[in-house]
Amino acid sequence: KIVRMVKMGNGSTELCGGTHCSNTGEIGLFKIISETSVAAGVRRIEAVTGFGVLALMKEKDELIANTARELKCQNPTDLATKAAAIASELAAAHREIDSLNSKLAATKLDSLLASAKQIGSIKLAAARFDGMAIEVARSLADEIKSRAADTVAVIAVNGEKLNFIAVCGADAVKAGAHAGKLVSAVASVTGGKGGGRPDNAMAGGADASKIDQ
């Protein structure tokens, strides 16, 4: 294919097979919209020119106006401040939810240990929590492991995703209990999988309707 050499001032000299402008002045407005890597040492720059830049500016203005309306922001210039305030409120709400979940988990701890069933030399405690943050459930499981050395606990956490946590106290591990194998077997009932260490393990589930099973 025949190509030609194109120069743009003293900054760029390129080989090109598809240029349709005799000089850069014909391009008019020029706005880069993306810059990516397409191969080792090769970059791709995409841009809009001329009236395309005006159309892009119109799209951006509409996006800003629509975003301001959704965020109930009277002046679009206050969007950044409004977004920061909403992010702060959301973070505070998440912290409050985590705090409440922690308090809820604490109230469940004693009853969960009290309901544990004796199986040979170990005790087995099982529970499900709907909507509990996974971090809170992990904390609860760790507390059980540290407080009850002879106890095995399996917790189902049914939130945005279905997860199972299994922990085994030190004495339970010595007796042959294995959290990784246990949680794998439990999760498989729901079509999930996972595993981990003898004392602490986690697995993902699929079919929440089989949690109780």
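These figures come from a predicted structure and were not determined experimentally.

### Observations regarding the sheet that holds strand β6 (residues 122-130)
Reading across from one edge, β5-β6-β7-β8-β10-β9 is the order of the 6 strands in this open sheet, with mixed pairing throughout. Each having just a single partner strand, β5 (117-119) and β9 (193-196) make up the two edges of the open sheet. The sheet shows a mean angle of 20° between the axes of neighbouring strands, taken without regard to direction. Note: β5 against β6, 3 bridges, orientation antiparallel. Opposite isoleucine 119, over in β6, you have isoleucine 122 as the bridge partner.

### Examining helix α5 (residues 179-189)
Three or more residues of α5 are buried, namely Ala179, Gly180, Val183 and Ala187. Down the axis of α5, the buried side of the element spans an arc of 95°, and every buried residue falls inside it. Among the structural elements, β8 (162-168), β9 and β10 (200-204) are those in contact with the buried residues of α5. Glycine 191 occupies a position one or two residues after α5 and carries a positive phi of about 85°.

### Focus on unusual backbone geometry
Look at lysine 72: it is not a glycine, yet its phi comes out positive at around 55°. The topology assignment puts lysine 72 in the loop between α1 (51-70) and α2 (79-114).

### Some words on the pairing of strand β7 (residues 151-158)
Counting buried positions over the 8 residues of β7 gives 7, a clear majority of the element. Here 8 bridges tie β6 to β7, and the two strands are oriented parallel to one another. Among the inter-strand pairings, leucine 124 is bridged to a residue of β7, identified as valine 152. Once the chain exits β6 it traverses helix α3 (residues 134-147) before rejoining the sheet at β7, and the crossover so formed is right-handed. For β7 and β8, the ladder comprises 7 bridges, and the chain directions are antiparallel. Within the sheet, the bridge partner assigned to alanine 156 lies in β8 and is phenylalanine 164. In this structure, the hairpin formed by β7 and β8 is closed by a connection of 3 residues.

Calculation criteria
Residues numbered from 1 in each chain as written. Predicted model: local features only at pLDDT ≥ 70, side-chain atom pairs only at ≥ 80, totals over all residues. Heavy atoms only, no water. Pairing = 2+ DSSP bridges. Helix = DSSP H or I, 4+ residues; strand = E, 2+ residues; numbered from the N terminus. Axes fitted to C-alpha atoms, helices over the stretch in contact; angles between N-to-C directions. Buried < 20%, exposed > 50% of the residue type's maximum accessible area, 1.4 Å probe, protein only. Arc of directions from axis to C-beta. Contact = heavy atoms within 4.5 Å. Right-handed = clockwise from strand over helix to strand, strands pointing away.

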